[in-house]
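A look at the structure
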Number of protein chains: 2
Amino acid sequence: MTTHLTIGELARGTGTKVETVRFYEKSGLLPAPGRTAGNYRAYGPSHLSRLSFIRRSRDLGFSLDQVRELLDLADERDRSCEAIDAIAKAHLAEVERKIADLTALRQELDRMITQCGCGTVADCRIIDALSPRVA
Amino acid sequence: MTTHLTIGELARGTGTKVETVRFYEKSGLLPAPGRTAGNYRAYGPSHLSRLSFIRRSRDLGFSLDQVRELLDLADERDRSCEAIDAIAKAHLAEVERKIADLTALRQELDRMITQCGCGTVADCRIIDALSPRVA
DNA sequence: ATACACCCTGTAGCAACTACAGGGTCAAGC
DNA sequence: GCTTGACCCTGTAGTTGCTACAGGGTGTAT
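Our subject in this report is the structure included herewith. Worth saying up front: this structure is predicted, and the values here are computed from it rather than measured.

**Side note on the overall build of chain A**
- Scanning chain A for helices and strands turns up six helices and two strands.
- Over its C-alpha atoms chain A spans a radius of gyration of 24 Å, topping by over 25% the 14 Å that the globule rule assigns to 135 residues.
- Looking at chain A as a whole, 38% of its 135 residues qualify as buried.
- Within chain A, contacts between residues separated by at least 24 positions form 41% of all contacts whose residues are at least 6 apart in sequence.
- Carbon and sulfur atoms provide 50% of the accessible area of chain A, an area that totals close to 7,800 Å².

Below, the structure is given as structure tokens:
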């Protein structure tokens, strides 16, 4: 009679929604746990730590595919961690690209907004900026 | 016999995929054009400029809902453009929030990666950073 | 006994497209 | 006139990462 966690407890313990836990199971990220007599999922500590790993990775913006890879790699304890490094670096590059994109965007939006004198729509600089040049 | 554009020409003219044009029509963003005898969509200049507006807005990161609003507002030429300003400002705020989030993320990823000495997985700092503290 | 919180499965929905499948149309070339 | 090929049509399903039911069953407290 080892104590186990219900799906609700596991979810609360990791800041996850119950549906999301089931979704991770269906996606093959979280192994299917045993069941109680009443067909309830019964989780152990390994599930808790695996789910925590998933959540942290997700919070850091890794995709589910990347998380899957990281989990697989994490299990091969004595291999080189180059592959892990590569995933992290790829993700970092992606994040940096997004930052650059958004920063350029911010500038454009900023420019658009400061030009808007908030008169009528007809001479709104925002609409103007969005409208195609008449050829 | 006014010249008209086929969907492919319209798409090429605005840097859009054909399927996306049809998708915009189904979503109510682009009015359904007339048809030729052979049931081909026949677009005019108004479609071209409307689709350009949509693409520009999308490139600036506005959601389709926001684009819909902007399009509606843009047509009421003599109303005040406050509402437009509000949408743009809300979007700018959203972009700034994302930049802040991603910047924090980058820092964490950076820290993780520089700590990785790239030895074996067992002492990989990245996996370490992702793993839950053992209570 | 019955209320209530929780669990189960399965399906459908969100954004914003993208990618077929399985057809029809049209202009050019032989 | 017939075929080839590029284009067009509709409709549906896939993508990512969940979230939200619907329609049930379970467990516990009163």
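**Details of the packing of helix α1 (residues 7–14) of chain B against helix α2 (residues 18–26) of chain B**
All names here are of chain B.
- Viewed as axis vectors pointing N to C, α1 and α2 meet at an angle of 100°, and their least axial separation amounts to 9 Å. Comparing the axis directions of α1 and α2 gives the class roughly perpendicular. In this structure, α1 contributes I7, G8, L10 and A11 to the contact, and α2 contributes V18, V21 and R22.

**Digging into the protein's contact with DNA strand C**
- Among the 19 residues in the neighbourhood of DNA strand C, the closest are listed as G8(A), R22(A), R41(A), Y40(B) and R58(B).
- When the atoms of DNA strand C within 4 Å of the protein are grouped by moiety, sugar and phosphate amount to 79% of the total.
- Residue T6(A) places a side-chain N or O atom 3.0 Å away from a phosphate oxygen belonging to DNA strand C.
- Between DNA strand C and G8(A), the relevant distance is 2.7 Å, taken from a phosphate oxygen to a main-chain nitrogen or oxygen of the residue.
- Taken together, the elements giving at least two residues each to the surface near DNA strand C come down to α1 (7–14) and α2 (18–26) of chain A together with α2 of chain B.
- In terms of residue count, α2(B) provides more of the surface near DNA strand C than any other element does, four residues in total.
- A per-class count over the surface near DNA strand C returns six nonpolar, six polar and seven charged.

**Quick notes on the relation of the copies chain A and chain B**
- Structural alignment of chain A on chain B gives an RMSD of 0.1 Å, achieved by rotating through 180° and translating 0.0 Å along the axis. The transformation just described matches what one would write down for a two-fold rotation axis. Ranked by how close their C-alpha atoms come to the rotation axis, the residues of chain A are headed by I99(A), at 2.9 Å.
- Interface overlap between copies: 100% of the residues of chain A at the interface are likewise at the interface in chain B, consistent with a symmetric, same-surface contact.

**Regarding the nonpolar core**
- Judged by nonpolar contacts, the single largest core of 72 residues is most densely connected at F62(A), I84(A), I126(A), F62(B), I84(B) and I126(B).
- A domain split of this core shows at least three residues from each of domain 1 (1–62) and domain 2 (96–135) of chain B.
- Discounting chain neighbours no more than four positions away, the residues touching F62(A) are S57(A), V67(A), L70(A), I87(A), A88(A), H91(A), L109(B) and M112(B).

**A word on the interface of chain A and chain B**
- In this assembly, 51 residues from chain A lie in contact with 51 residues from chain B.
- For the pair chain A and chain B, the summed buried area comes to about 4,500 Å², and 77% of that belongs to carbon and sulfur atoms.
- The largest per-residue losses of area from chain A upon contact with chain B belong to L60(A), V121(A) and L130(A), which jointly make up 15% of the total buried on that side.
- Inspection of the region where chain A meets chain B yields zero salt bridges.
- Counting across the interface, chain A meets chain B through four residue pairs in polar contact (both at pLDDT 80 or more).
- Secondary structure elements with two or more residues in the side of chain A that touches chain B: α3 (45–59), α4 (64–75), α5 (82–115) and α6 (125–130) of chain A.
- By residue number, the principal contributor to the side of chain A that touches chain B is α5(A), which donates 20 residues.
- Residue composition of the side of chain A that touches chain B, by class: 27 nonpolar, ten polar and 14 charged.

**Things to note about α1(B)**
Residue and element names in this part refer to chain B.
- Those residues of α1 that sit buried are I7, G8, L10, A11 and T14. Taken down its axis, α1 places every buried residue within 160° of arc, on the same side. Facing away from the buried side of α1 by more than 90 degrees, the exposed set consists of R12 and G13.
- Check the buried side of α1 and you find it contacts α2, β2 (41–42) and α3 (45–59).

Parameters and conventions
Residues numbered from 1 in each chain as written. Chains lettered and ligands numbered in written order. Predicted model: local features only at pLDDT ≥ 70, side-chain atom pairs only at ≥ 80, totals over all residues. Heavy atoms only, no water. Helix = DSSP H or I, 4+ residues; strand = E, 2+ residues; numbered from the N terminus. Rg over C-alpha atoms; globule rule 2.2 N^0.38 Å. Buried < 20%, exposed > 50% of the residue type's maximum accessible area, 1.4 Å probe, protein only. Contact = heavy atoms within 4.5 Å. Areas by Shrake-Rupley, 256 points an atom, 1.4 Å probe, with all protein chains shown as cover. Axes fitted to C-alpha atoms, helices over the stretch in contact; angles between N-to-C directions. Parallel < 35°, antiparallel > 145°, perpendicular 65-115°, else oblique. Near = heavy atom within 4 Å. Polar contact = N/O pair within 3.5 Å; in protein donor to acceptor, adjacent residues only side chain to side chain. Nonpolar A, V, L, I, M, F, W, Y, C, P; charged D, E, K, R; others polar. Least-squares fit on C-alpha atoms with pLDDT ≥ 70 in both. Core = buried A, V, L, I, M, F, W, Y, C linked by side-chain atoms within 4.5 Å. Domains from an automatic or database assignment. Buried area = accessible area lost by both parts, 1.4 Å probe. Salt bridge = Lys/Arg side-chain N within 4 Å of Asp/Glu carboxyl O. Arc of directions from axis to C-beta.

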